[in-house]
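# Descriptive analysis of the structure
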Amino acid sequence: MKTAIQFGAGNIGRGFIGAVLAKSGYNVIFADVNKEIVDRINADGHYTVHIKDVESEDILISGVSAVDSSTDAITEKIKEASLITTAVGLRILKFIAPAIAKGIIARMEAGIEEPLNIIACENGLRATTQLKEAVLEHLDGNQKEWCLAHTGFPDCAVDRIVPPVRSENPIDVVVERYYEWDVEEKAFVGPVPQIEGMSLADNLLAYIERKLFTLNTGHAITAYFGKMKGCATIEESIAVPEIFELVHAAMQQSGEALVKQFGFDHEAHFRYIEKIIGRFRNPYLKDDVTRVGREPVRKLSPDDRLIKPLMTAKSFGLPYDKLLLGIGAALHFRNENDPQSVQLGEMIDNEGLEATVSKITGILPSDPLMAEIVKAYSEAETV
């Protein structure tokens, strides 16, 4: 049986990637620093994925174990593995890179020639490439050469809504039925692993941006306007007619830009938009707007789900006014339990709106677009 290490034993790690790998016959080892979760996985050796949708289902994921990723034990586990996946969040990748590099060095020193493939399953552009660069920083010249010959770093696009629902058993997890996992075929080293539920892609960037600038764009804007309207969940937010109309139009504006950029079939892509926005109505997920809206500074960065689709639409001379309103709502997002939300509010209070927007988005104060964002910031309050 092949071994896979899943860095991140949180809801997405257990409810999506870890579950897919286990169902495909992998011996899945979760690597995490959460002692409670690590101990419980090792004690039980299994957990349940609760699919909450129109047709609900409970799936038992068995034969799993866990290891504290901050200890040397992870090095030995990496020596055994043929696949490493992550679901830790983009900003955490640099913190797990040293452990992965140490494991690669151990494989080299032990003369392990079998290929190792590493896939960062995160919401962001080229997450695996970012992890690869972080890992290589911890290797010397010979080690880098050996690593690149024996280790693949395929980028991927992932899509599954996994809300933070607390179960009686802390390692059980709630998910929606729908999911996509598209992986860059040409970047694998050695034979491509046969994993049920993993789709291989040639033009992966198109898949990544299609997902990020459809699901994540719409999800975030729903959360930001929902929070402003006093809604608690995504489902409650999208049920507000004004929010639905605005989010739907913003997703279509992003969609027109994606069609232009990648040559997607227009009709097929707009059917995809309808499928995605329909998922926001799932009453069984209870997906909190504070979870979906968290880390607004990252989500307002130049290559993320709000600024990038707006700039793409603008570059093609397409409408982007609803995307602008989504950005305006994001700038209003406040959650005292989210450090980035607190940071955003303090920046606006202390440095002013224009300086804050420029620092986060990279848009110059002299750019006419800045005035449009400032206007959208005010108009978002009236939606």
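It should be emphasised that the depicted structure is a prediction, and the values quoted were computed from it without experimental measurement. (Residues numbered from 1 in each chain as written. Predicted model: local features only at pLDDT ≥ 70, side-chain atom pairs only at ≥ 80, totals over all residues. Heavy atoms only, no water.)

## Some words on the sheet that holds strand β3 (residues 46-51)
Across a sheet, paired strands are connected by hydrogen bonds in the backbone, their directions being either parallel or antiparallel. Spatially, the 3 strands line up as an open sheet ordered β4-β3-β10, and their pairing is mixed. Edge positions in the open sheet fall to β4 (57-62) and β10 (173-175), since each of these has one partner strand only. Strand after strand, the sheet turns through a mean of 25° between neighbouring axes, direction not considered. Both β3 and β4 contribute to a ladder of 6 bridges, which runs antiparallel. Bridge assignment links Tyr47 to a residue of β4, and that residue is Ile61. Set on the sheet, helix α1 (residues 11-23) makes contact with β3, β4 and β10; between it and β3 the angle comes to about 105°. (Pairing = 2+ DSSP bridges. Helix = DSSP H or I, 4+ residues; strand = E, 2+ residues; numbered from the N terminus. Axes fitted to C-alpha atoms, helices over the stretch in contact; angles between N-to-C directions. Contact = heavy atoms within 4.5 Å.)

## Concerning the layout of surface pockets
Taken as a whole, the second largest pocket spans an internal volume of roughly 290 Å³. Those elements that place two or more of their residues in the lining of the second largest pocket are α4 (93-109) and α5 (127-136). Of all the elements, α5 adds the most residues to the lining of the second largest pocket, at 3 residues. Each residue belonging to the lining of the second largest pocket can be placed in one class, and the counts come to 6 nonpolar, 3 polar and 5 charged. (1 Å grid on protein atoms, 1.4 Å probe; cavity = no way out; pocket = protein on both sides within 12 Å on 5 of 7 lines; lining within 4 Å. Points joined across faces, edges and corners; volume = space filled by probe spheres on them. Nonpolar A, V, L, I, M, F, W, Y, C, P; charged D, E, K, R; others polar.)

## Some thoughts on unusual backbone geometry
The phi dihedral of Arg126 falls on the positive side, at around 55°, and the residue is not glycine. Of note, Arg126 is situated in the loop between β7 (116-120) and α5. Arg126 sits in the partly exposed class, given a relative accessible area of 28%. Phi is positive for Lys286, which is not a glycine, with a value near 50°. (Buried < 20%, exposed > 50% of the residue type's maximum accessible area, 1.4 Å probe, protein only.)

## Section: helix α14 (residues 321-332)
Taking 1.5 Å as the rise per residue, α14 with 12 residues should run 16 Å; its terminal C-alpha atoms sit 17 Å apart, in good agreement. Among the residues making up α14, those that are buried are Leu323, Leu324, Leu325, Gly326, Ile327, Gly328, Ala329, Ala330, Leu331 and His332. (Expected span 1.5 Å × (residues − 1).)

## Section: the sheet that holds strand β9 (residues 156-159)
Across the sheet, which stays open at both edges, the 3 strands sit in the order β9-β11-β12 with mixed pairing between neighbours. Edge strands, defined here as strands with exactly one partner in the open sheet, are β9 and β12 (199-201). Each strand axis lies, on average, 20° off the axis of its neighbour in the sheet, ignoring direction. Sheet analysis places β9 next to strand β11 (residues 180-184), joined by 4 bridges and oriented antiparallel.

## A look at empty space enclosed by the protein
Taken as a whole, this structure holds 3 cavities of 30 Å³ or more when the rule is applied. As a volume, the largest cavity reaches approximately 60 Å³. Ile161, His219, Ile234, Glu235, Arg279, Phe280, Asn282, Leu285, Lys286 and Asp287 together form the lining of the largest cavity. Across the lining of the largest cavity, the residue classes tally to 4 nonpolar, 2 polar and 4 charged. Here the second largest cavity is characterised by a volume of approximately 50 Å³. Looking at the lining of the second largest cavity, the elements with two or more residues in it are β9 and α7 (204-228). Looking at the lining of the second largest cavity residue by residue, the classes come out as 5 nonpolar, 2 polar and 2 charged.

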